[in-house]
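Observations on the model geometry
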Amino acid sequence: VQTFLGTLPSSSIEVVEVPRYSPLTRKQLSDWSWYWPLNYRKPSFEPMDIPVSLEEEQTRRLRRAFEVGGSGCGCVVFDANGKEVANSASSSYSSPATTSSSSPKPQNPENSGHPLKHPVMRVLDTIAASISRESHKRSRQEEQYLCQDHEVVTTHEPCTMCAMALVHSPEGL
């Protein structure tokens, strides 16, 4: 190595910092590969540019879920127009259990305190009941998934049971 370095003019040797990790974006790839050969594998996530208006709307919805949940878990469902369709709070905390389909104000349900009536399950029950009341107005071809074109916002990560219930009733979030 010393022999090889001795044959190079001293002005061609330069110390530079190279990245420790792979690039996450195409821009990082082009910037970093100037000094060091790199491979780019598109990550499963890309940094998103979220418009301020969307960020404000999602913040408002999350605040509403916290308001509904109180000190417990809160879950709120919004339709495609941003109108609140249903909300629920957990009954296992100090805040009272709530479910509502038409009013944004929480109301006490008949089944509060049941160990499987998590907020997500209760809002899905509320929406299912609402759809079944309206089902006589629709033909068989017009039937839809439970939360089609709706967004579900929760204050806590859903348990496995609630997550699977959401998977089987496609929603926006």
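Residues numbered from 1 in each chain as written. Predicted model: local features only at pLDDT ≥ 70, side-chain atom pairs only at ≥ 80, totals over all residues. Heavy atoms only, no water.

1. Looking at the overall build of the chain
How we decide: Helix and strand labels come from DSSP, where a helix needs a run of H or I of at least four residues and a strand needs a run of E of at least two; each type is numbered from the N terminus. Buried means the residue's accessible area, taken with a 1.4 Å probe over protein chains only, is under 20% of the maximum for its type, while exposed means over 50%, and partly exposed covers the values in between. Note on definitions: a residue-residue contact is assigned when non-hydrogen atoms from the two residues lie within 4.5 Å. Per-residue and other accessible areas were derived by the Shrake-Rupley procedure at a 1.4 Å probe size, with only the shown protein chains allowed to occlude residues.
The helix and strand inventory of the chain stands at five helices and four strands. Along the chain, helices (α) and strands (β) appear in the sequence α-α-α-β-β-β-α-β-α when read from the amino end. Taking all 173 residues of the chain together, 27% fall into the buried category. A fraction of 39% describes how many contacts in the chain between residues 6 or more apart in sequence connect residues 24 or more apart. About 12500 Å² of surface is accessible on the chain, with carbon and sulfur atoms providing 54% of the total.

2. Some points on the confidence of the model for the chain
Formally: Think of pLDDT as the predictor's per-residue confidence, scored from 0 to 100.
Of the residues in the chain, 72% have a pLDDT of 70 or more, and the chain-wide mean is 77. Below pLDDT 50 for its whole length, residues 92–111 participates in 55 contacts with residues either more than four positions away or in separate chains.

3. A few points about the packing of aromatic side chains
Inclusion rule: Any pair of Phe, Tyr and Trp rings, taking the six-membered ring for Trp, is counted once the centres come within 6.5 Å. Such a pair is stacked with planes under 30 degrees apart, edge-to-face with planes over 60 apart, and tilted for the rest. For a Lys NZ or an Arg CZ to count as sitting over a ring, it must be within 6 Å of the ring centre and within 35 degrees of the ring normal.
Per the counting criterion, the structure on display carries zero aromatic pairs. Over the ring of Phe78 we find Arg61, and its NZ or CZ is 4.7 Å from the ring centre.

4. As for helix α3 (residues 52–69)
Helical periodicity: at 3.6 residues per turn, an α-helix aligns residues three or four positions apart in one direction. Counted only if it meets this: Here the expected span of a helix is defined as 1.5 Å times the quantity of residues minus one. The arc in question is the one spanned by the directions pointing from the helix axis to the C-beta atoms.
Counted at 1.5 Å a residue, the expected span for α3 with its 18 residues is 26 Å, and the 26 Å between its end C-alpha atoms agrees. Buried within α3 we find Arg61, Arg64, Ala65, Val68 and Gly69. Around the axis of α3, the buried residues are gathered within 135° of arc, so they sit on the same side. Summarising the geometry of α3, the exposed residues directed more than 90 degrees from the buried face are Val52, Glu56, Arg63 and Glu67. Gly70 lies just past α3 and shows a positive phi near 60°.

5. Digging into the nonpolar core
To be explicit about the condition: By nonpolar core we mean a set of buried residues, namely Ala, Val, Leu, Ile, Met, Phe, Trp, Tyr and Cys, connected to one another through side-chain atoms within 4.5 Å.
In this structure, Val120, Leu124 and Ile127 are the most contacted members of the largest nonpolar core, which totals 13 residues. Element by element, the count of residues in this core is highest for helix α4 (residues 119–134), at five residues. For Leu124, the residues in contact, after removing those within four places along its chain, are Leu146, Cys147, Ala165, Leu166 and Ser169. Formed by six residues, the second largest nonpolar core is a distinct cluster that contains Ala65, Phe78, Ala89 and Val153.

6. A closer look at the state of the cysteines
Defined as follows: Any cysteine sulfur atom paired with another within 2.5 Å is treated as part of a disulfide.
One pass over the full model with this rule turns up zero disulfides. For Cys75, which is in no disulfide, the shortest distance to another cysteine sulfur is to Cys73 and amounts to 6.9 Å. What makes Cys75 buried here is its relative accessible area of 0%. No disulfide involves Cys159; its nearest neighbouring cysteine sulfur is the one of Cys162, lying 3.6 Å away.

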